[in-house]
Amino acid sequence: MMKRLAAWGLTIIIIVILAITIIYTLLQTRWGAVSLSRWVNNTTPYHITIDKIEHRWSSPGNLTLRNVSLGAKGKPTILTTQRVDIELGLSQLFSPFHTTMLTLSNGTLTVAAATPSFPVRADVLKLKNVDIHRADDSWPIEAIQISGDIRHWHPNARQLPGSSAQFQLRAQSVTLKGVTSKEVQLQGETHDGILTISSLHAQVARGALNLSAQRYQDGSWQIQQFALQGLRAQSNAPLNSLLQSLSTLPNLTLQRLIIEDATLEGKNWATTGLHIRANNLIHDEKGWHSTNGALNLHAGNLLYGSLQLNAPRLSARFSSDGVKIQESAAQWERGEVRVSGEWQRATRALALDTLSISDTEYTLPSAWRAQLSTPLPAWLNTLSIKNLTLNRNLLIDITPDFPFQLTGLSGEGQGIELVRNGRWRFDAEHLRLNALAATFNRTDLNHPMLELQTRDALITGNAQASLPDAGTLKASVEAASISPLAFTLRLHGERVPLNMLDNWGWRSAFSGQGNLELKLQGNLAHPPLRHTLNGELRAQRQDGHSETQRLVNGEMAPAPALHAQ
């Protein structure tokens, strides 16, 4: 009896061993891989395909799957990979889907906003040349040939690495929102929904990027350092578009920004040799601001439209009240401009303590008078200058109806206001201007001088000049300090050529020298200026004969009136 029971037991053991051997052998065939895939698809919420399963007794704890695809039922495939290596351990006894190490080789991972969590976990997830694609309107990303480790990989629907993982990855290239970085190296961790990037190094636009930051559960960022060195970037976008994109960033705090030797070029703007150092910048629903920050900037040159600045530099401090401009200077139009002052956030007032313009050669824009009526940017409600200094400047206006040129223009002014309530105006406690020479519509003057002051929104001033040959001119002016910028000019000339104003549109019947009296009214804010002009010119010869001409809406009266004394 005992011999019979022993024989039956041995037979059962042999059958079990044979069955295990058959199953083990079949699983490593194409039929076995298909059958296992079918069983997973029928019993789980996932769909999976496996071409082949491999196992070697030389590595009994390792299992290899060939040509695997995985996804949720009714959803696009999440993962396709040529090879999956599974390192089994004692954890499979208590958690079958928890592996010691999971290795994905030569695959593609497609991530979407509603990507389901993976059904497996691993103490270590190793990636070897895996591509990651994320099609998202806000943060589209494409990473090519990622390799590295993710430790404590417990993925969920919100975070692919898991809620408590450490990662060290490198990628051949990463494209984020259309910007491509190469040779990317990333190290960090996730903990309780917080993503920490300990270090990020990459090559961007022939430059080097270094970043350390944290991303919180609400989507905001704390950036400890953002550094770019040697950047060389070109774009077809105008500067306004670039600045607008900066306003769409998520809420963030930027503790330290470093940009060194950057060259940037866009549509109608460019900069070379740009260096920026800034700290403690904040972006939130209020826009960009800072409660205790600083900015230092210098560059080889800056180009924006027709504006070109060489060797610009800026030093500023930020506070909750606004921006303190400690120093700002640039070479402009063959000269130099220096500025210091403060911008107040609450009132949007730019108050310049000093403005110095020296040795420039500047031609006014062709439509500068029309620009006096155009709206100013929202951030500029008031513009004032405490102290103005001008030295040896050349100012040119090439407007066809009345060009002029001032050579060696110098002067000083105090208490000047150029903008109030978002509109151009002119107020001055005192302004004195002088030049070596001037030409007004082909009429030359020597040593012109002008003094202006404003009281009760009325500009008053006096001017004088001499003529190249003989005679002197004296003038007085009254003008409104705010739009519509109406003015009245009175001009008196002694022993001057009586036809000297013919270049200004008058038509004198006299020649030789004598005295002139001119009264002219117009409006600077309604171009063309000529059509706003009304006035009267009286010329008197040395023999006592005189003539009177009148100007109406920019047109001369039919004929001058002659008088004899």
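Calculation notes
- Residues numbered from 1 in each chain as written.
- Predicted model: local features only at pLDDT ≥ 70, side-chain atom pairs only at ≥ 80, totals over all residues.
- Heavy atoms only, no water.
- Helix = DSSP H or I, 4+ residues; strand = E, 2+ residues; numbered from the N terminus.
- Buried < 20%, exposed > 50% of the residue type's maximum accessible area, 1.4 Å probe, protein only.
- Contact = heavy atoms within 4.5 Å.
- Areas by Shrake-Rupley, 256 points an atom, 1.4 Å probe, with all protein chains shown as cover.
- Core = buried A, V, L, I, M, F, W, Y, C linked by side-chain atoms within 4.5 Å.
- Patch = residues over 30% accessible without salt bridge, like charges linked within 9 Å, V, L, I, M, F, W, Y side chains within 5 Å.
- Salt bridge = Lys/Arg side-chain N within 4 Å of Asp/Glu carboxyl O.
- Polar contact = N/O pair within 3.5 Å; in protein donor to acceptor, adjacent residues only side chain to side chain.
- Phe/Tyr/Trp six-rings, centres within 6.5 Å; stacked < 30°, edge-to-face > 60°.
- Pairing = 2+ DSSP bridges.
- pLDDT = per-residue confidence, 0-100.

## Regarding the overall build of the protein chain
1) Next: If you tally the helices and strands in the protein chain, you get four helices and 35 strands.
2) Next: Buried residues in the protein chain amount to 38% of all 565 residues.
3) Next: In the protein chain, the proportion of contacts linking residues at least 24 apart, taken out of those at least 6 apart, comes to 42%.
4) Next: Of the roughly 31,900 Å² that the protein chain leaves accessible, carbon and sulfur atoms contribute 56%.

## What to know about the nonpolar core
1) Next: Core analysis: the largest hydrophobic core is formed by 105 residues, its most contacted members being Leu 102, Leu 104, Leu 355, Leu 431, Leu 501 and Leu 516.
2) Next: Ranked by residue count, the leading element in this core is strand 13 (residues 252-267), at six residues.
3) Next: Among all residues touching Leu 355, those that are not within four sequence positions of it are Val 337, Arg 338, Val 339, Ile 385, Asn 387, Leu 388 and Thr 389.

## Focus: a nonpolar patch on the surface
1) Next: Taken together, the side chains of Leu 243, Leu 246 and Trp 288 make up a nonpolar region of the molecular surface, amounting to roughly 270 Å² of accessible area.
2) Next: Mapped onto the elements, Leu 243 comes out in helix 3 (residues 239-246).
3) Next: Look at Leu 243 and you get partly exposed, because its relative accessible area is 48%.

## Some thoughts on the side chain of Glu 417
1) Next: When you line up the elements, Glu 417 lands in strand 24 (residues 404-420).
2) Next: Among the polar contacts made by the side chain of Glu 417, one reaches the side chain of Arg 420 at a distance of 2.6 Å.
3) Next: Residues contacting Glu 417, with those up to four places away along its chain left out, are Thr 382, Leu 383, Ser 384, Arg 425, Phe 426 and Asp 427.

## Section: the environment of Thr 77
1) Next: If you trace the backbone, Thr 77 turns up in strand 3 (residues 77-87).
2) Next: On a C-alpha basis, the gap between Thr 77 and Thr 110 in space is 7.4 Å, while along the polypeptide they are 33 residues apart.
3) Next: Excluding its chain neighbours within four sequence positions, the residues that come into contact with Thr 77 are His 47, Ser 69, Leu 70, Gly 71 and Thr 110.

## Some remarks on the packing of aromatic side chains
To describe a pair of aromatic rings, you give the distance between the ring centres and the angle between the ring planes.
1) Next: Going through the model one piece at a time under the given rule, you end up with three aromatic pairs.
2) Next: Seen in terms of ring centroids, Phe 402 and Trp 504 are 5.6 Å apart; in terms of plane orientation they differ by 70°. Their pairing is edge-to-face. With Phe 402 in the loop between strand 23 (382-397) and strand 24 and Trp 504 in the loop between strand 30 (486-497) and strand 31 (513-523), the pair connects residues that are 102 residues apart, well separated along the chain.
3) Next: By relative accessible area, Phe 402 is classed as partly exposed at 22%.
4) Next: A relative accessible area of 21% places Trp 504 in the partly exposed class.

## A word on the side chain of Thr 64
1) Next: Its place among the elements puts Thr 64 in strand 2 (residues 62-72).
2) Next: Owing to a relative accessible area of 8%, Thr 64 belongs among the buried residues under this scheme.
3) Next: In terms of polar contacts, Thr 64 uses its side chain to reach the side chain of Asp 85, at 2.8 Å.

## Considering the pairing of strand 8 (residues 179-191)
A regular strand places its side chains so that they alternate between the two faces of the sheet.
1) Next: One ladder, built from twelve bridges, connects strand 7 (residues 164-176) with strand 8; its direction is antiparallel. If you follow Phe 167 over to strand 8, its bridge partner there is Gly 188.
2) Next: Turn length for the strand 7-strand 8 hairpin, with the two strands adjacent in sequence and antiparallel, is two residues, and the turn residue Lys 177 shows positive phi of about 50°.
3) Next: Here strand 8 runs beside strand 9 (residues 194-204); their pairing, made up of nine bridges, is antiparallel. Following the sheet pairing, Gln 187 is matched in strand 9 by Ser 199.
4) Next: Between strand 8 and strand 9, which follow one another and run antiparallel, lie two residues, and Asp 192 among them has a positive phi close to 50°.

## Examining the confidence of the model for the protein chain
1) Next: Residue-level pLDDT values for the protein chain average 85, and 86% of them are 70 or greater.
2) Next: Averaged over each element, pLDDT in the protein chain is lowest for helix 1 (residues 2-27) (45) and highest for strand 21 (residues 349-358) (97).
3) Next: Note that pLDDT drops below 50 for residues 9-27; the model gives that stretch eight contacts with residues more than four away or on any other chain.

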